[in-house]
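What follows is the residue order along each chain.
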Amino acid sequence: MRRWFAPPVLSTFDLTQRAYTLWIVNWATLAFAMFALLVLASLEPGQARTYLMAGAQRLCVMLLAHELNRSGRTQLGSWCLVLGLDLFVTGRAWGLGGLHAPIIPLFIYHMMIAGLLLGERGSVVIALLATASGGFLLLADELGWLPPARM
């Protein structure tokens, strides 16, 4: 069990460094996300079930990325982590009021993670995806499909 949590050691130094970077980003993001969700749940006890489901969704994405990383598919794990978190933020923003939702700044965090894990091309793809998501949320807000903004 202890080996499952340990950073992976792959065939070359470069691959091991990339896997270690994904390992650090993955677990640090999970720790930050769970801390933020606990704080939000303590501030709004009536929404605790919603925050618990959001935490479970993030945990699933991160466990998948961790398992891909452990099996030597670090690039795929990096894409899984970044795209999964981007999809998570878009989904949460849809339910929390669109572009006025307090979760929107996490798009920038995911672009920074993409730059670190996926390089220049990957960060451009994620920036375009975040822009498209923002445009979709703006259009949905203009059409009145979104609820009013809330915490």
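Everything here concerns the structure above.
Below is a summary of the structure that appears in this document. Sequence order as written defines the numbering, with residues in each chain counted from 1. Two thresholds apply to this predicted model, a pLDDT of at least 70 for residue-level local features and 80 or more for giving and counting side-chain atom pairs, whereas whole-chain, interface and lining totals are computed over all residues. The side-chain values count all of the structure's non-hydrogen atoms but skip hydrogen atoms and water molecules.

In terms of regular secondary structure, the protein is built from five helices and zero strands. Ordering the α and β elements of the protein from the N terminus gives α-α-α-α-α. For 151 residues, the compact-globule formula gives about 15 Å, and the C-alpha radius of gyration of the protein, at 16 Å, lands near that figure. Seen through its principal axes, the protein has C-alpha atoms that stretch 55 × 35 × 15 Å. Exposure categories follow from relative accessible area, calculated using a 1.4 Å probe and restricted to protein chains: below 20% of the type maximum is buried, above 50% is exposed, and the middle band is partly exposed. When the 151 residues of the protein are sorted by exposure, 37% land in the buried category. Every residue pair with non-hydrogen atoms within 4.5 Å of one another is taken to be in contact. For the protein, the share of sequence-separated contacts (at least 6 apart) that also reach a separation of at least 24 residues comes to 66%. Here the protein has roughly 8800 Å² of accessible surface; of this, 71% comes from carbon and sulfur atoms. When the 10 positive and 7 negative side-chain charges of the protein are each reduced to one mean point, those points stand 13 Å apart. In this description a helix means any DSSP run of H or I spanning at least four residues, a strand means any run of E spanning at least two, and both kinds are numbered starting from the N terminus. Note on method: radius of gyration uses C-alpha positions; expected globular size equals 2.2 Å times residues raised to 0.38. The Shrake-Rupley method, run with a 1.4 Å probe, gives the accessible areas here. Residue values count only the displayed protein chains as cover. Counted as positive: Lys and Arg. Counted as negative: Asp and Glu. His and the chain ends are not counted at all. The atom standing in for a charge is NZ when the residue is Lys, CZ when it is Arg, CG when it is Asp and CD when it is Glu.

This part is about the packing of helix H3 (residues 48–70) against helix H4 (residues 74–96). One way to put it is that H3 packs onto H4 with a least axis distance of 7 Å and a crossing angle of 165 degrees. The pairing of H3 with H4 is recorded here as roughly antiparallel in orientation. The hand of the H3/H4 crossing is right-handed. Contacts from Thr50, Tyr51, Ala54, Gln57, Arg58, Val61, Met62, Leu64, Ala65, Leu68 and Asn69 of H3 reach H4 at Thr74, Leu76, Gly77, Cys80, Leu81, Gly84, Leu85, Phe88, Val89 and Arg92. Structural elements are reduced to axes, namely lines fitted to C-alpha atoms, with helices fitted over the stretch in contact, and the angle between N-to-C directions of any two is expressed from 0 to 180 degrees. Working rule for angles: under 35 degrees goes down as roughly parallel, over 145 as roughly antiparallel, 65 to 115 as roughly perpendicular, anything else as oblique. Whether a crossing is left-handed or right-handed is set by the direction in which the near helix is turned from the far one by less than a right angle, anticlockwise for left-handed and clockwise for right-handed.

This brings us to the layout of surface pockets. Here a cavity denotes grid points, spaced 1 Å and computed from the protein atoms alone, that fit a 1.4 Å probe unable to get out, and a pocket denotes an open set having protein on both sides within 12 Å along at least 5 of 7 lines; residues with an atom within 4 Å of a point are the lining. Grid points are joined across faces, edges and corners, and a volume is the space filled by probe spheres set on the points. In this structure, the largest pocket occupies an estimated 330 Å³ of space. Ala36, Leu40, Pro102, Ile103 and Leu106 are the residues nearest the centre of the largest pocket, which is lined by 16 residues in total. Partitioning the lining of the largest pocket into residue classes produces 14 nonpolar, no polar and two charged. Polar here means any residue other than Ala, Val, Leu, Ile, Met, Phe, Trp, Tyr, Cys and Pro, which are nonpolar, and Asp, Glu, Lys and Arg, which are charged; Gly is therefore polar.

What follows concerns H4. Think of an α-helix as 3.6 residues a turn; residues three or four steps apart then line up on the same face. A helix is expected to span 1.5 Å for every residue after the first. Compared with the 33 Å implied by 1.5 Å per residue over 23 residues, the 32 Å span of H4 between its first and last C-alpha is a close match. In the segment just after H4, glycine 97 is the residue with positive phi, at about 115 degrees.

Think of a salt bridge as a Lys or Arg side-chain nitrogen and an Asp or Glu carboxyl oxygen that are within 4 Å of each other. Enumeration according to the criterion identifies one salt bridge in this entry. For arginine 70, the salt bridge is made with glutamate 67, and the minimal N-O distance between the two is 3.2 Å. Linking arginine 70 with glutamate 67, this pair stays in helix H3, spanning three residues, or about one helical turn. Arginine 70 sits in the partly exposed class, given a relative accessible area of 32%. For glutamate 67, a relative accessible area of 36% corresponds to the partly exposed category.

Taken together, the side chains of Trp94, Phe136, Leu139, Leu143 and Trp145 make up a nonpolar region of the molecular surface, amounting to roughly 530 Å² of accessible area. Following the sequence through the fold, phenylalanine 136 ends up in helix H5 (residues 106–142). The exposure class assigned to phenylalanine 136 is partly exposed, which follows from its relative accessible area of 41%. Here, patches come from residues exposed beyond 30% relative accessible area and free of salt bridges, joined within 9 Å for like charges and within 5 Å for nonpolar side chains (Val, Leu, Ile, Met, Phe, Trp, Tyr).

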